[in-house]
Amino acid sequence: MAESWDGSYNFGSQSDESGQFERLHIEPIYDAFVCPLTKQVMRDPVNLENGQTFEREAVQMWFKERKESGRRPLCPLTHKELRSTELKPSIALRHTIEEWTARNEAVQLDLARRSLNLASPESDVLHSLKYVQYICRKNQSNKHVVRNAELIPMIIDLLKSSIRKVQCIALETLRIVVKEDADNKVILAEGDTMRTIVKLLSREQCKEREEAVSLLYELSKSDVLCEKIGSVNGAILILVGMASSKSENVLTVEKADETLENLERCETNVQKMAENGRLQPLLNQILKGSLETKLSMASCLGDLVLNNDVKILVAKTVGPSLINIMKSGNMQSREAALKALNQISSSDPSAKVLIESGILPPLLKDLFTVGANQLPMRLKELSSTILANVVSSGYDFDSIPVGPDHRTLVSEDIIHNLLHLISNTGPAIECKLIQVLVGLTSSQFTVSSVVAAIKSSGATISLVQFIEAPQRDLQLASIKLLQNLSPHMGQELADALHGTVGQLGNLISVISENIGITEEQAAAAGLLAELPEKDLGLTRQMLDEGSFWLITNRVVQIRQGEMRGTRFMTPYLEGLVRVLARVTFVLADEPDAIAFCRKHNLTALFTELLQSNGLDNVQMVSAMALKNLSQESKNLTRLPDLPAPGFCASIFPCYSKQTFISGSCRLHRGICSQKETFCLLEGQAVVKLVALLDHRNEKVVEAALAALSTLLDDGVEIEQGVQVLWEVDGVRPILDLLHEKPTENLRTRAVWAIERLLRTDSIAYDVAGDPNLSTALVDAFQHADYRTRQIAESALKHVDKIPNFSGIFPNVG
């Protein structure tokens, strides 16, 4: 009988001491039981006309082959011709063989039962397992025999063996035993067997994993066992990993995938699959399941953490279905849909998919509906969060209708409704709706509509008040919104800030918090930076409250490396420098501003900031601040005390001569310093400003030129200013600015400076033959604004390009 078993395993030889099968008596095989053709014990013996007995199937095949080859029928044993191929069943022999087989199988089964334990030799265990496989394959009814003999628990215990081969064959045997036998499956599923099988899934050996997943696949065909398999901790996670593996055995991958498909019949398993990255079954349930199933799956989806790529897939697959559920009357269903939409809307690409699927109209309806049909606040919070998510995607909301009469999200009445909600709901919803406005004001296409609606609603003061909100996220959203609004309504915000108590101070507190550099600090600095720089009232209040002192300290800390860079470092520093620079715009009207600049030596600080390579805005603002400071130098220079003229000089002025005091400033003819009079020359800022004339950013160049132009301004020694620029190689860069087709503002400044430079005869003579400069001046003379054309005419006269007679333009001072 052993010859009919699977011979793919080498069991080795059995010794006399360990081989129980050899010591027990088993009935011999009688010759009459064996088919002459197959050499195997017959199952269905039949007689030929000559009395010879064969296995029915074997002799039928013999006759068929002879007939197909055109030969006469012969007896396979005697090779004598037969008159008939009729087969007569040998019933008596068949019963005898069946009785003999039953007796032998009972003995073999008893042998197997004695060997199926961890204490038996490996060869006996393997031989017994293969015998169990043989009888189960031979006859389905034998599976009941195996069950009644209580062999299944014994085979299960062998899964704990330390021998790999025993574990593999035990798994294979269990699969054969339970195949198409529900009762055996129930017995197998008792206790911790499922956990043991799942544990074998994670083994490194491919064969064990293959056998374990094949057994689970067989068990998963039972609806009763699907939930039990899924309840084993880690089972679905391992199966999902195997099904998606690129390195696993192909058969193992297929079985894992088929097992998961069977497990999908249990909703709990579908949810666990989704939690472990296999989302499609859950999405299918949302699309095709019952209303109750859709609700359950949507709730599960809302609790998942998805990466952005998956969110896009989910939005495309079930976004429209979730939106339809959200619009239904069932509050529980709406809540589940809103949670799911909240999850998948937090990525810009997936949010755009939802927008195109029509999410905006029902969202706004949910937010704005009042009365009996209004959503509870917890769901309004979800709706406002989703709206904030989709608006942050940067979509063109000016083109998407959200209501009748072509109304869009930025229509005045919609913005008014949002502002009304912001003023009449709790902090959580207020925060999200302010974030909606942040998103809308971040786009150049929609910001003007929002600004107009805010102005018409008179909501500016209300929005500014949120700066003092105790909730940090609400405060951040408010500051970011005001920062976006400040370029468009800076004066209104400035009036609101210094018209009330506390809010300006709160902004400064946020900016100067010693907690690293946060998004909130960068936004607060950016907000203040955008306010009108010449608003004297705001600057005076900031001086009175010590704001500029705190900001100066922060700038110095950054420059000294005491604050490490973060992704908000650049906008934060740019904002700080712009805020600090505003103190230089009121020097002529505010003595305290002059005192502050002197005390903290801002000329030195802004000069140092000119070298902030890579930070164009910092360099530009610093240059403009130096320009403002330098313009005050002529008013702050202390003129020296000159000695009294002698007797002759007092009577005859022709005998007197101009006295130069050693140590006095060449430009201002007085006692100057970087700190006290903000002198660029004394502060050694001129070289650094000249270096910026070669900057790639024309705004930086324009600011640097504006600062250098103070050396040529009325009220200073212009010839000395020209000489200073000449000594630092600054003349030629200024002359060259007109060659590069500058912006209108930069051309105006350059023409002015060049006209001043050309008042020096040596420079005028030197550049008189420069065709590029002459062409650029002629172009300005012909096409620039009125004032620049006047100055260009004067410059051309200096180089004799226009006759020096009555001017084409009248003098205008």
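The structure presented is a predicted model; accordingly, all values stated were derived computationally and were not measured.

## Regarding the overall build of the protein
Alright, step 1. The secondary structure content of the protein amounts to 45 helices and 3 strands.
Alright, step 2. For 813 residues, the compact-globule estimate of 2.2 N^0.38 gives 28 Å, and the C-alpha radius of gyration of the protein, at 47 Å, exceeds that figure by more than 25%.
Alright, step 3. Seen through its principal axes, the protein has C-alpha atoms that stretch 170 × 65 × 55 Å.
Alright, step 4. The buried share among the 813 residues of the protein stands at 50%.
Alright, step 5. Counting only contacts in the protein whose residues sit at least 6 apart along the sequence, the fraction spanning at least 24 positions is 66%.
Alright, step 6. Taken as a whole, the protein presents about 38,800 Å² of accessible surface, with 49% of it coming from carbon and sulfur.

## Some remarks on the packing of aromatic side chains
Alright, step 1. By the definition in use, this model includes 5 aromatic pairs.
Alright, step 2. Their ring planes at 55° and their centres at 6.0 Å tell us that Phe-548 and Phe-596 sit as a pair that is tilted. Here Phe-548, found in helix α31 (residues 547-559), pairs with Phe-596, found in helix α33 (residues 591-599); they are 48 residues apart in sequence, far enough to count as distant. As far as the burial class goes, Phe-548 and Phe-596 line up, both buried.
Alright, step 3. Pairwise contacts between aromatic rings join Tyr-30, Phe-33 and Trp-100 into one cluster.

## A word on helix α7 (residues 164-178)
Alright, step 1. With 15 residues, α7 extends 21 Å between its outermost C-alpha atoms, agreeing within 8% with the 21 Å of an ideal straight helix rising 1.5 Å per residue.
Alright, step 2. Taken residue by residue, α7 has Val-166, Gln-167, Cys-168, Ile-169, Ala-170, Leu-171, Glu-172, Thr-173, Leu-174, Ile-176, Val-177 and Val-178 as its buried positions.
Alright, step 3. Looking at the packing, one finds that the buried side of α7 touches α4 (122-138), α5 (142-148), α6 (151-157), α8 (182-188), α9 (193-201) and α10 (206-219).
Alright, step 4. Glu-180 occupies a position one or two residues after α7 and carries a positive phi of about 55°.

## Quick word on the pattern of salt bridges
Alright, step 1. Going through the model one piece at a time under the given rule, you end up with 40 salt bridges.
Alright, step 2. The residue Arg-334 makes a salt bridge to Asp-366 at a minimum N-O spacing of 2.6 Å. Of this pair, Arg-334 sits in helix α18 (residues 331-344) while Asp-366 sits in helix α20 (residues 360-368), and the two are 32 residues apart along the sequence.
Alright, step 3. On the basis of relative accessibility, which here comes to 7%, the residue Asp-366 falls in the buried class.
Alright, step 4. Ionic pairing is found between Arg-747 and Asp-779, a salt bridge with its closest N-O pair at 2.8 Å. Here Arg-747, found in helix α42 (residues 744-757), pairs with Asp-779, found in helix α44 (residues 771-783); they are 32 residues apart in sequence, far enough to count as distant.

## Digging into the UniProt feature "domain: U-box" (unreviewed entry) in the protein
Alright, step 1. The positions UniProt marks with the feature "domain: U-box" (unreviewed entry) are residues 28-107.
Alright, step 2. For the annotated span residues 28-107, helix accounts for 38% and strand for 10% of the residues, and the straight-line distance between the end C-alpha atoms is 12 Å.

## Brief notes about the side chain of Glu-574
Alright, step 1. Within the secondary structure, Glu-574 is located in helix α32 (residues 569-581).
Alright, step 2. Summary of buried charges: Glu-574 has no salt-bridge partner, and the nearest side chain of opposite charge, Arg-578, is 7.0 Å away.
Alright, step 3. Once residues within four sequence positions are removed from consideration, Glu-574 is found in contact with Asn-617 and Val-618.

## With respect to the sheet that holds strand β2 (residues 53-55)
Alright, step 1. Ordered in space as β2-β1-β3, the 3 strands form an open sheet in which the pairing is antiparallel. A single partner strand is all that each edge strand has here, and the edge strands are β2 and β3 (88-89).
Alright, step 2. Relative to β2, strand β1 (residues 45-47) is paired through 3 bridges, and the arrangement is antiparallel. Along β2, the bridge assignment pairs Pro-45 with Glu-55.
Alright, step 3. The strands that helix α2 (residues 56-68) touches are β1, β2 and β3; relative to β2, the one it contacts most, it runs at about 95°.

Parameters and conventions
Residues numbered from 1 in each chain as written. Predicted model: local features only at pLDDT ≥ 70, side-chain atom pairs only at ≥ 80, totals over all residues. Heavy atoms only, no water. Helix = DSSP H or I, 4+ residues; strand = E, 2+ residues; numbered from the N terminus. Rg over C-alpha atoms; globule rule 2.2 N^0.38 Å. Buried < 20%, exposed > 50% of the residue type's maximum accessible area, 1.4 Å probe, protein only. Contact = heavy atoms within 4.5 Å. Areas by Shrake-Rupley, 256 points an atom, 1.4 Å probe, with all protein chains shown as cover. Phe/Tyr/Trp six-rings, centres within 6.5 Å; stacked < 30°, edge-to-face > 60°. Expected span 1.5 Å × (residues − 1). Salt bridge = Lys/Arg side-chain N within 4 Å of Asp/Glu carboxyl O. UniProt positions renumbered as here; feature names shortened; annotations may be inferred. Lys, Arg positive; Asp, Glu negative; His and termini not counted. Pairing = 2+ DSSP bridges. Axes fitted to C-alpha atoms, helices over the stretch in contact; angles between N-to-C directions.

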